[in-house]
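Chain by chain, the residues:
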Amino acid sequence: CSSDLRQIDRPTALIVEPDAGLAGRMETAMRANGYQVHVASTASEATRAAEASMWEVAVIAFELPDRRGDAVLATIRRRQPDCVCVMTATSPGRERSLAWMRQGAAACQNRPFEPARVVEVCDRARRERALLRTESLLEARTRELRDSQARLAEANQTLTCVLEHTPMQAALLDAQFNYVWVNRAYAEGRRRDRPSLLGRNYFDLHPHEENQAIFRRVVETGEPHFAEATPVKFPDQPERETTYWDWSLAPVADTTGRISALVLTMTDVTGQVQRLVAGERRAARRRREAEAIAGIALSDHITAGRVEELAAHLTEVVAGVVGVARVGVWLFEENGTGLVNVDNYDAPSHTHTSGAVLDEREYRNELDALRGAPYVDAHDALTDPRTAGYVEGYLRPNRITSMLDAAIRLGGRSIGTLCLEHVDTPRRWRHDEITFACRLADQVALALSNRQRGRADARRKAVLARQAAILGTIPDIVMEVDTHKVYTWANEAGREFFGEDVLGKEAAHYFEGDQ
């Protein structure tokens, strides 16, 4: 194993020499000086050797059997630019020697020569090349260091600029939690100027035992701490409401590994928390609305067309779900002269009233607004032009400040409204509340449709009963057949003549031939 390692550490040399005797002496000399040697007698052999292995030194004869040595020089320099190449020739002349040097030759040696002389030239060239590489490496490292320092300075400047202009609040504290540096956002967030913070202890300004324990733990363990949506009060500014912050505390170690500073960053997420809470409330409100709609839709009052009973139940449900003081169901009179209250529920007193009438002559514009739109969302009913006529006679006496009317539509026209009334303070109607009211108005319309259908069915049955009674007393035979000539009805005279089982039989059963 040690022999293999020594073999690997030895420099490699390629001797390109057509003179076998000189090549042998060169090989002996170079091996004696620690080289691993390969001998090539032609340019082709040298090219293959250059392609197969890496060489630190190449001694190349100019006169070769198949090509000139400068072609081999070019091949080796192209493939292995760090190889030290020495050209040998008989009286090469100044111009040729300079040409070889421009091609990358480290030296030129006149023939004949002593192998030891060439070995000495190769060793010297290797040392010079190694020195040049070392100098080049040092220059590169120096440039890298300067570039790194420049980039670091630029990064520090960029980081300082970013921290100065970011909305995130950042502060540097020492290991005793005293302010060392704060960015502009941090100072503005504390409503202080920077000099009043620097040197002050964090917990003198923001006393908090739990947070102080967290700060100590970060210093002791070197582990950062992260927290989300933490509620924060400012004891020195009691007028400020509770806000919510994502914050982190990261340790900074010195060269010995000791924690010498802490980086505190804080991001105000109050708006996000408020939106999240609002979203949860909105989702809960929509669940209540969906459950209320499902419950109303399953009511027997709708199927039976009991509009008054449905209205009394629906107004209480709507008041509870939406949180309004008054809810009413109103229907236009058949002659169109006014709007009649079917049921009005007053939530604070838990009472129901009905029978009030809004006269067409007094409230024409307002009733036309109800007829012409799927809903009227008067956020400020006292100033909304669509509800202006109600102000003195209806809104002010009942302390109504906001009104939402959802049209009850049947057969393509408005026949009434489901009215939600908020009192005392202004209220802006949400989109889901408007949708909720409109869908419940549709349930009232369905109940009205079912009531009309029920009344029509009752009238039809009464007519049919009268017709049956009249036809039953006629002494002549009266029969009814369908399109298939099957008896479907018979008066008493017909049943006596054809028999009680005549219904359901074909007429051809009783008559011969075509009928």
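Definitions and cut-offs
- Residues numbered from 1 in each chain as written.
- Predicted model: local features only at pLDDT ≥ 70, side-chain atom pairs only at ≥ 80, totals over all residues.
- Heavy atoms only, no water.
- Helix = DSSP H or I, 4+ residues; strand = E, 2+ residues; numbered from the N terminus.
- Rg over C-alpha atoms; globule rule 2.2 N^0.38 Å.
- Buried < 20%, exposed > 50% of the residue type's maximum accessible area, 1.4 Å probe, protein only.
- Contact = heavy atoms within 4.5 Å.
- Areas by Shrake-Rupley, 256 points an atom, 1.4 Å probe, with all protein chains shown as cover.
- Lys, Arg positive; Asp, Glu negative; His and termini not counted.
- Charge placed at Lys NZ, Arg CZ, Asp CG, Glu CD.
- Core = buried A, V, L, I, M, F, W, Y, C linked by side-chain atoms within 4.5 Å.
- Salt bridge = Lys/Arg side-chain N within 4 Å of Asp/Glu carboxyl O.
- Pairing = 2+ DSSP bridges.
- Axes fitted to C-alpha atoms, helices over the stretch in contact; angles between N-to-C directions.

Would you mind showing me how to read the overall build of the chain here?
Along the chain, the regular secondary structure elements total 17 helices and 19 strands. On C-alpha atoms alone, the chain measures out to a radius of gyration of 52 Å, which is more than a quarter above the 24 Å that the 2.2 N^0.38 rule sets for 515 residues. Along the three orthogonal principal directions, the C-alpha set of the chain runs to about 155 × 95 × 45 Å. Within the span of the chain, comprising 515 residues, buried residues form 41% of the whole. Across the chain, the fraction of contacts at a sequence separation of at least 24, relative to all contacts at a separation of at least 6, is 48%. Summed over its atoms, the accessible surface of the chain is roughly 29,400 Å², and 52% of this surface lies on carbon and sulfur atoms. Here the chain carries 66 positive and 75 negative side-chain charges, and the mean point of each set is 8 Å from the other.

What am I meant to see in the environment of Glu-228 here?
You can see Glu-228 is positioned in strand β8 (residues 225-232). Judged by relative accessible area, Glu-228 falls into the exposed class, the value being 69%. Through-space distance from the C-alpha of Glu-228 to that of Tyr-244 is 8.3 Å; in sequence the pair is 16 residues apart.

Would you mind showing me how to read the nonpolar core here?
What tends to happen in soluble globular proteins is that the nonpolar side chains get buried as a cluster. Grouped together as the largest cluster of nonpolar side chains are 36 residues, with contacts concentrated most on Ile-408, Leu-418 and Leu-420. When contributions to this core are tallied by element, the ones reaching two or more residues are α11 (270-297), α13 (307-323), β11 (326-332), β12 (338-346), β16 (400-410), β17 (413-423) and α16 (431-472). For this core, the leading source of residues is α16, giving 10 residues. Setting aside chain neighbours within four positions, we find Leu-420 in contact with Val-318, Val-322, Val-324, Arg-326, Ser-402, Met-403, Leu-404, Trp-429 and Ala-437.

Would you explain the pattern of salt bridges in this entry?
Think of it this way: side chains of opposite charge can pair up when their charged atoms draw near. Across all of its chains, the model carries 21 salt bridges by this definition. A salt bridge links Asp-359 to Arg-361; the shortest N-O distance between them is 3.0 Å. The partly exposed category is assigned to Asp-359, whose relative accessible area is 24%. For Arg-361, a relative accessible area of 72% gives the class exposed. Measuring nitrogen to oxygen at the nearest pair gives 3.3 Å for the salt bridge that ties Asp-377 to Arg-386.

Please explain the sheet that holds strand β1 (residues 12-16) as it appears in this structure.
The strands making up a sheet associate through hydrogen bonds between their backbones, and the pairing can be parallel or antiparallel. In space, the 5 strands of this open sheet follow the order β2-β1-β3-β4-β5, with parallel pairing throughout. What marks the edges here is a single partner per strand, and that holds for β2 (36-40) and β5 (107-110). Put simply, the sheet's adjacent strands are angled 15° from each other on average, direction ignored. The sheet contact formed by β1 and β2 spans 5 bridges and is parallel. Of the residues in β2, the one forming a bridge with Val-16 is Ala-40. In the packing of helix α3 (residues 43-52) onto the sheet, the strands contacted are β1 and β2, and the crossing angle to β2 comes to about 140°. Along the sheet face, helix α6 (residues 115-165) touches β3 (57-61), β4 (84-89) and β5 and points at about 150° away from the line of β4.

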